[in-house]
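# Fold and geometry: a report
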Amino acid sequence: LIPIFLLPEVKLDKVEVKGLNSEMWKFVPPVVIFYLLAGFMYHTMEPVFRSAIVSMHVLAYVVTIVIAGALYDRIGRKITTILGLFLLGLSFALFPKYPIISAYVIQSSYAFLDIFSILIWVDLAYFGTEGKHYGIGTSILVTSILLGYWIMNIFELNPFDFGFVSLILLIASAIFIASTKEPMLSPEEYILRAGGAGRCS
């Protein structure tokens, strides 16, 4: 805790707390789908990865998350997130025939999806409400993982049904992302929002 206490205090001249941005609810469905599928992975795929002696696949996440972060700033949220969804779909397609490749690809896919699922809340937050947006967003994320895991526990899908359900969810999440307004702000919009000027169109 010592480094935390040594950090300089950030003083803001103005904090204008507003309510939640209603636009955030448009991004809840794709985030729920991303992490339902993560729950599927933890229940059904991760044990297969372990049995195939795949123990270092998290390194793919560590490397890819830096690349994904740069792409989100350079080319925007939508295209980069769709790339993550493509990798996620590829991982499910390769499973269980090629478990080692599937393990590395799914870790790479969540490097993209995790950044999106955290970044959008601050993209949409009004000045002074970032904590509320992060709190709701993180709760949705974790609850979806648990729900996906429980669903797999209850239904015990066979490989065909597992792949079919995952494909339908992936298509649905891609449609949600493609049809929703880009959450990335222009410099002018960012300055207005950071200054507490209210909602930007």
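Here, the structure is the one placed above.
As a starting point, this report considers the structure included with it. (Residues numbered from 1 in each chain as written. Predicted model: local features only at pLDDT ≥ 70, side-chain atom pairs only at ≥ 80, totals over all residues. Heavy atoms only, no water.)

## Points about the overall build of the protein
This is how it is decided: In DSSP terms, a helix is any run of H or I states spanning at least four residues, a strand is any run of E spanning at least two, and both are numbered starting from the N terminus. Between two residues, a contact is recorded if the distance between any of their heavy atoms is within 4.5 Å. Surface accessibility in these figures is a Shrake-Rupley result with a 1.4 Å probe; residues are shielded only by whichever protein chains are displayed.
Counting its secondary structure elements, the protein contains eight helices and zero strands. Listed by position from the N terminus, the elements making up the protein come as α-α-α-α-α-α-α-α. A separation of at least 24 residues holds for 83% of the contacts in the protein among residues at least 6 apart in sequence. Just so you have it, the protein exposes about 11200 Å², and 72% of that area is on carbon and sulfur atoms.

## As for the nonpolar core
Looking at soluble globular proteins, one finds that nonpolar side chains tend to be buried together. Here is the rule: The criterion is simple. A nonpolar core is a set of buried Ala, Val, Leu, Ile, Met, Phe, Trp, Tyr and Cys residues joined through side-chain atoms within 4.5 Å. Relative accessible area decides the class of each residue, using a 1.4 Å probe on protein chains only: under 20% of the type maximum gives buried, over 50% gives exposed, and in between gives partly exposed.
Leu-37, Met-45, Leu-88, Ile-106, Tyr-110 and Phe-116 are the most contacted members of the largest nonpolar core, which has 39 residues in total. Of all the secondary-structure elements, those providing two or more residues to this core are helix 2 (28-51), helix 3 (58-75), helix 4 (77-94), helix 5 (99-124), helix 6 (130-155) and helix 7 (159-179). Setting aside chain neighbours within four positions, we find Tyr-110 in contact with Phe-34, Tyr-35, Leu-37, Ala-38, Tyr-61 and Leu-88.

## Here's the deal with the side chain of Asp-114
Applicable threshold: Here Asp and Glu are counted as negative and Lys and Arg as positive; His is not counted, and neither are the chain ends. Counted as salt bridges are all cases of a side-chain nitrogen of Lys or Arg within 4 Å of a carboxyl oxygen of Asp or Glu.
With respect to the helices and strands, the residue Asp-114 is situated in helix 5. Buried and unpaired, Asp-114 has Arg-50 as its nearest opposite-charge partner, separated by 14 Å. If we ignore the near neighbours within four places in the chain, the residues touching Asp-114 are Tyr-35 and Tyr-61.

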